[in-house]
Amino acid sequence: RHSMLLMKYSAAKKQYDWDRELFEEAAGRFQARMNELIGQLRKEDGQILKEKLTVKHEPVKHQPKIEHSPRTKKIYRKIASKIHPDKAGPAFEDTFRKVVADYASDDLFSLMVTADKLDIDCGDEIDEVDCENLFHKINHLEEESKKLSSSYVIIWNNSGDDNIILDYIREVMT
């Protein structure tokens, strides 16, 4: 049962990562095209719009150190002992980098997915609390993917219709 849940989580996470990457790539093009459209306005109107519509980037804040759960540590160590580049050579370097990132973010379920793919026994089955948490994470990832997919940026990216940018401008200005 837990393998099916982990596969669903893995699929939802991959979809979200794909949607987020697509959004981030398209956002730059969206901003550039919006600036071109604004540049076609009178100088004063264009400057006002640019100031209101420019995406403000927040400085990266230092993340507090994460306390890893004992299960996360245990699974990470089992995986690392099998695929660490010093032991397994370069064949698993990309997988190992992903495992290190999952461990750094305390992503128990991604580590469990990787362990399952590598036929590593995690020792513990997923209990009811884990199942509930996993369902919430799956739902959250699916909701976030829907938000990204239905954003002005992605709709414009898929259609190339500048009226979508104008609709975005109207919404922001009201």
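Residues numbered from 1 in each chain as written. Predicted model: local features only at pLDDT ≥ 70, side-chain atom pairs only at ≥ 80, totals over all residues. Heavy atoms only, no water.

*Asks:* Even after reading the chapter, I still don't get the overall build of the protein chain, so can you show me in this structure?
*Replies:* Each helix and strand counted, the protein chain has 9 helices and 0 strands in total. The secondary structure elements of the protein chain, listed N-terminal to C-terminal, are α-α-α-α-α-α-α-α-α. Relative to its full complement of 174 residues, the protein chain shows a buried share of 32%. Within the protein chain, contacts between residues at least 6 apart in sequence are counted, and of these 73% link residues at least 24 apart. (Helix = DSSP H or I, 4+ residues; strand = E, 2+ residues; numbered from the N terminus. Buried < 20%, exposed > 50% of the residue type's maximum accessible area, 1.4 Å probe, protein only. Contact = heavy atoms within 4.5 Å.)

*Asks:* Hey, could you run me through helix H3 (residues 70-83) in this one?
*Replies:* Because an α-helix packs 3.6 residues into every turn, residues spaced three or four apart end up facing the same way. With 14 residues, H3 extends 20 Å between its outermost C-alpha atoms, agreeing within 8% with the 20 Å of an ideal straight helix rising 1.5 Å per residue. Buried within H3 are the following residues: Thr72, Ile75, Tyr76, Ile79, Ala80 and Ile83. Mapping the buried residues of H3 onto a view down its axis gives an arc of 130°, with all of them on the same face. Relative to its buried face, H3 has exposed residues pointing more than 90 degrees away, namely Pro70 and Arg77. (Expected span 1.5 Å × (residues − 1). Arc of directions from axis to C-beta.)

*Asks:* Please clarify how the nonpolar core should be interpreted in this entry.
*Replies:* Nonpolar side chains in soluble globular proteins tend to end up buried together. If you look at the biggest cluster of nonpolar residues, it comprises 27 residues, and the most contacted ones within it are Tyr9, Ile75, Tyr76, Ile79, Phe109, Leu111 and Leu134. It is helix H6 (residues 108-117) that contributes the most residues to this core, 6 residues altogether. Once you skip the residues sitting within four places of it in the chain, Ile75 turns out to touch Leu108, Leu111, Met112, Ala115 and Cys122. Counting 11 residues, the second-largest nonpolar core is a separate cluster that includes Ala26, Met34, Val153 and Ile169. (Core = buried A, V, L, I, M, F, W, Y, C linked by side-chain atoms within 4.5 Å.)

*Asks:* Can you help me understand the pattern of salt bridges in this one?
*Replies:* Side-chain pairs of opposite charge can arise whenever the charged atoms involved come near each other. Within this structure, the stated rule accounts for 10 salt bridges. Note that Asp17 and Arg20 form a salt bridge whose closest N and O atoms lie 3.4 Å from each other. In this pair, Asp17 and Arg20 both sit in helix H1 (residues 2-39), 3 residues apart, roughly one turn of the helix. On the basis of relative accessible area, Asp17 is assigned to the partly exposed category, the value being 27%. According to the relative accessible area criterion, Arg20 is partly exposed, its value standing at 33%. We note a salt bridge from Arg97 to Glu93, for which the minimum N-O separation is 3.5 Å. Taken together, the residues span about one helical turn, with Arg97 and Glu93 both in helix H5 (residues 93-104) at a distance of 4 residues. Judged by its relative accessible area of 48%, Arg97 falls in the partly exposed class. Given the relative accessible area of 30%, Glu93 is considered partly exposed. (Salt bridge = Lys/Arg side-chain N within 4 Å of Asp/Glu carboxyl O.)

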